[in-house]
Amino acid sequence: MAVSQTMSQMEMETQKRWNCLSSMIGMEAKKRDFFTGNVTASCAGKGRLVIVGSGIRCAGQFTTEAISHIKNADKVLYFVSDPVTETYIRDLFPGAMDLGVFFDGSKDRYDSCVQMAEACLFFARQGLYTVAIFPGHPGISSLPSLRAMQIAKKQGICTEMLPGISLEDSLFSDLGIDPSYNGLQNIGATDFLLYDRRLLTDAHVVIKHVGCIGEQCVTPKGVGASNLSILVKQLQKVYGPDYGVVHYYPSQYPTCKPFMDRRPLSDFLKPEMYKTFTPFSHFYIPPMSTSCINKEMAVQLGIACDLNMALRLGVPTSCLDVYGPREKQAITDMASWRVPSGYWRTPVSGASRYLAHIGMDVGVLQRHMLSPLSVMTMHGLSPFETTQIVTGDPLKLFLTAKPDPTYAAHALVTRLCVDPVFASSCVATGRRCQYEADGEEMLGRWLCQQGYETTADAVQRVFGEIQMAHPSMWIGSYTTNISDVGSIQIQGSKIMINNAIVVQPVFKDGIMTWSSTCGNVYNACIKFLHDAKCTIEGKIWGCNEQEPTVCNVTGERQFTMGGPSSMLERTINFGFATKLLWTALMKNWACLRSMGDNYTGMSFADIEKANMALAIAEEVLLKTKTDYQTITQLASSQFDAMEGTWLSADMRCPFTGSVFIPHVPTVCI
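The sections below set out a description of the structure shown in this document. (Residues numbered from 1 in each chain as written. Predicted model: local features only at pLDDT ≥ 70, side-chain atom pairs only at ≥ 80, totals over all residues. Heavy atoms only, no water.)

### What about the packing of aromatic side chains?
So, point 1. Across all of its chains, the model carries 12 aromatic pairs by this definition.
So, point 2. With a centroid separation of 5.0 Å and an interplanar angle of 20 degrees, the aromatic rings of Tyr 239 and Tyr 243 are classed as stacked.
So, point 3. Residue classification places Tyr 239 among the buried positions, given a relative accessible area of 6%.
So, point 4. Residue Tyr 243 is classed as buried on the basis of its relative accessible area, which comes to 18%.
So, point 5. Ring centres 5.1 Å apart and planes at 55 degrees place the aromatic pair Phe 268 and Phe 283 in the tilted group. Note that Phe 268 is positioned in the loop between strand 9 (259-264) and strand 10 (282-285) and Phe 283 in strand 10, a separation of 15 residues in sequence.
So, point 6. Residue Phe 268 is classed as buried on the basis of its relative accessible area, which comes to 0%.
So, point 7. A network of ring pairs unites the aromatic residues Trp 18, Phe 102 and Trp 337 as a single cluster.
So, point 8. Over the face of the ring belonging to Tyr 323 we find Arg 147, whose NZ or CZ atom lies 5.0 Å from the ring centre. (Phe/Tyr/Trp six-rings, centres within 6.5 Å; stacked < 30°, edge-to-face > 60°. Buried < 20%, exposed > 50% of the residue type's maximum accessible area, 1.4 Å probe, protein only. Helix = DSSP H or I, 4+ residues; strand = E, 2+ residues; numbered from the N terminus. Lys NZ or Arg CZ within 6 Å of the ring centre and 35° of its normal.)

And the structure:
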């Protein structure tokens, strides 16, 4: 994908299709007979709706029958929880439409499900052979598929649901449970608490979705486990405080193992346990007691009296085939609905295709397990994709298969700041591209080949976040315009004025402050500016003086790239140089686009500033390149303890709080 934020023609067409479809459904809903269930005579008996399950593990759990339906359909719609499966579906049917677009976090989950069902029904009502794909088994915990199937049957549309491998199937296999012995109670966590359901303590109990109890909306960032303690305390009333239960979620990827953590119930009340829960987390509770056999019935049925028969409780189903006021409103609202600005459709990646391939081909998977690097190299994966897949971390696999521009920007900036060879290649590529009409796209393709699917704005924003959060990025000496102050020196986390250490300085959002009440000679509020010269401005005043009403101090950073400069300063200067490099490339492209063929609308001074920044960046890179090994060793010793702390809050895992970042020395902080 190109660095430019401009959407590809294909993406624009995709959004246009969704907007058009939603408008048509919303307009149809305004017709008097829309909610009566009548199908036009021309379409009756011709349309077909086939609902299939994609299984739990990516790609490899589609049935042969399901694949045949997908390949032969007129229309394919899907809602899956895994980017590898999404890529696989689009490879089977390139025009497949993602129903996940309706989950934008701005409305209730139920309304989104109603709209998803209506999108599936729309094409079947037009007489088309329509396939809708849902995760796991499409008839279990899948409101939109069940609603679409029931309404389609009521309206005379030929309807079929194909089974898929469900969560329960995976749990039974991974935990080695046979539900035909002792029986099984399968219940949602929210339903259990909301309706005060009675648990069968003599049966296997599966409580689903314990990581999103009470959640009515699903956002792109997922949900937490804030209501988990309520569930645990309720279970303790039934099973006792320390009865053993299993926290489980299945493996979605062929290179990952399922999560199975058996603990006493009391352990799950500890706050540190919450971070292990995801929206895919479930509880398995083994039977606490054995049911008594009805000997008379056993004799009457001709069954041996020593066979332990399980009690079974049917779970009532909701009425899903109605068009009440709420359903009508949700569907009518589709007339004005548009694809949300934050929606990011999964780009097709080599990692997705590779993981899908090994999920479908056991032979390749076995070779991968024996020698993953050699197998991935043969399949042409980038070094970044290879590194992430080898970790076996499902979160890293997810983000590699579904590249996020901000995540990729963090990884790119980290590498730029610690790898002079790569940064020099980026300089050379940028130089070749900057005066080309499609320069940004050319650099984007080059970055994509290196494994970084990101945008210029995302990279620029990451650089800004690092600089605004850590004084180490501003290391150096700043000569000021106040003779008494002289210069301000920043040496890592140490701040000095005239060789005197500043006590308890605070750096936040690019502003450094300190107070004379902490024993300093001066009070100060200094702002660090983003420009090619790296300047500062602000206020400095004595301990007995009033704070100035306007800025009274300015300063400029002195670059000391030769002679006495320390390796630490050269390391940080190198990180700063990469920031200048990227800024310069973006500025040049912006200037060239604005100037156009007639060179109007932009000053040549802007080009000069950009070229000056490039010159500084290239000088730093040249002087630093030969010291690569020393720099990385220094970075490891100086900054490993701070690894990842500069990441913005939205880049932390919403379920566990862990950081999505490759393990490389973060010299840039």
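Read on, since the account is not over.
### Digging into unusual backbone geometry
So, point 1. Of note, Asn 182 is a non-glycine position whose phi angle comes to about 75 degrees, a positive value.
So, point 2. For Asn 182, the position within the fold is in the loop between helix 6 (167-175) and strand 6 (184-188).
So, point 3. Here the phi dihedral of Asp 196 falls at roughly 55 degrees; this positive angle occurs in a residue that is not glycine.
So, point 4. Position of Asp 196 relative to the elements: it lies in the loop between helix 7 (189-194) and strand 7 (204-208).

### Observations regarding helix 11 (residues 350-360)
So, point 1. Of all the residues in helix 11, the buried ones are Ala 351, Ser 352, Tyr 354, Leu 355, Ala 356 and Ile 358.
So, point 2. The secondary structure elements touched by the buried residues of helix 11 are helix 3 (83-92), helix 12 (362-370), helix 13 (372-378), helix 14 (383-391) and helix 15 (394-401). (Contact = heavy atoms within 4.5 Å.)

### Overview of the sheet that holds strand 7
So, point 1. One open sheet accounts for five strands, arranged 6-7-10-8-9; its pairing is mixed. What marks the edges here is a single partner per strand, and that holds for strand 6 and strand 9. When strand polarity is set aside, the average angle formed by the axes of neighbouring strands in this sheet is 20 degrees.
So, point 2. Against the sheet, helix 6 engages strand 6, strand 7, strand 8 (244-249), strand 9 and strand 10, with an angle of about 120 degrees to strand 8.
So, point 3. Most of the contacts of helix 8 (residues 228-239) go to strand 10, to which it runs at about 5 degrees, and overall it touches strand 7 and strand 10. (Pairing = 2+ DSSP bridges. Axes fitted to C-alpha atoms, helices over the stretch in contact; angles between N-to-C directions.)

### As for the packing of helix 1 (residues 9-29) against helix 4 (residues 109-125)
So, point 1. As a packed pair, helix 1 and helix 4 sit with axes 11 Å apart at the nearest point and diverge in direction by 85 degrees. Here helix 1 lies roughly perpendicular to helix 4, going by the angle between them. Along the contact surface, helix 1 presents Trp 18, Leu 21, Met 24 and Ile 25, while helix 4 presents Glu 118, Ala 119, Phe 122 and Phe 123.
So, point 2. Class assignment for the residues of the contact of helix 1 with helix 4 results in seven nonpolar, no polar and one charged. (Parallel < 35°, antiparallel > 145°, perpendicular 65-115°, else oblique. Nonpolar A, V, L, I, M, F, W, Y, C, P; charged D, E, K, R; others polar.)

### Topic: the pattern of salt bridges
So, point 1. Tallying each qualifying case throughout the model produces 13 salt bridges.
So, point 2. Where Arg 326 meets Asp 111, a salt bridge forms, and the shortest distance between an N and an O atom there is 3.2 Å. With Arg 326 in helix 10 (residues 325-332) and Asp 111 in helix 4, this pair connects stretches of sequence that are 215 residues apart.
So, point 3. A salt bridge links Asp 267 to Arg 263; its shortest N-O distance comes to 3.4 Å. (Salt bridge = Lys/Arg side-chain N within 4 Å of Asp/Glu carboxyl O.)

### Some thoughts on the sheet that holds strand 13 (residues 494-497)
So, point 1. In spatial order, the strands read 14-13-12-11-19-18-17-16-15; together these nine strands make up an open sheet with antiparallel pairing. Looking along the sheet, the strands with just one partner apiece sit at the ends: strand 14 (500-501) and strand 15 (506-508).
So, point 2. Across four bridges, strand 12 (residues 487-491) lies against strand 13 in antiparallel orientation. Paired with Ile 488 across the strands is Ile 497, a residue of strand 13.

### Some details on the nonpolar core
So, point 1. With 38 residues, the main nonpolar core has Trp 18, Leu 21, Leu 49, Leu 99, Phe 102 and Ala 119 as its most contacted residues.
So, point 2. Contributing elements (two or more residues each) for this core: helix 1, strand 1 (48-53), helix 4, strand 4 (129-134), helix 5 (143-154) and helix 10.
So, point 3. Considering each element in turn, this core owes the most residues, 10 residues, to helix 4.
So, point 4. Sequence-distant contacts of Leu 21, that is, excluding residues within four places in its chain, are made with Met 97, Ala 119, Phe 122 and Phe 123. (Core = buried A, V, L, I, M, F, W, Y, C linked by side-chain atoms within 4.5 Å.)

### Some thoughts on helix 12
So, point 1. Restricting attention to buried positions, one finds in helix 12 the residues Val 364, Leu 365 and His 368. One side of helix 12 carries all its buried residues, which in axial view fall inside an arc of 100 degrees. Opposite the buried face of helix 12, at more than 90 degrees from it, the exposed residues are Val 362, Gln 366 and Leu 370.
So, point 2. The inward-facing, buried residues of helix 12 contact helix 11, helix 13 and helix 14. (Arc of directions from axis to C-beta.)

### Quick word on the side chain of Ser 487
So, point 1. Positionally, Ser 487 belongs in strand 12.
So, point 2. In this structure the side chain of Ser 487 is engaged in a polar contact, spanning 2.3 Å, whose partner is the side chain of Gln 489.
So, point 3. Setting aside residues up to four positions removed in sequence, Ser 487 forms contacts with Ser 477, Tyr 478, Thr 479, Thr 480, Met 496, Ile 497 and Asn 498. (Polar contact = N/O pair within 3.5 Å; in protein donor to acceptor, adjacent residues only side chain to side chain.)

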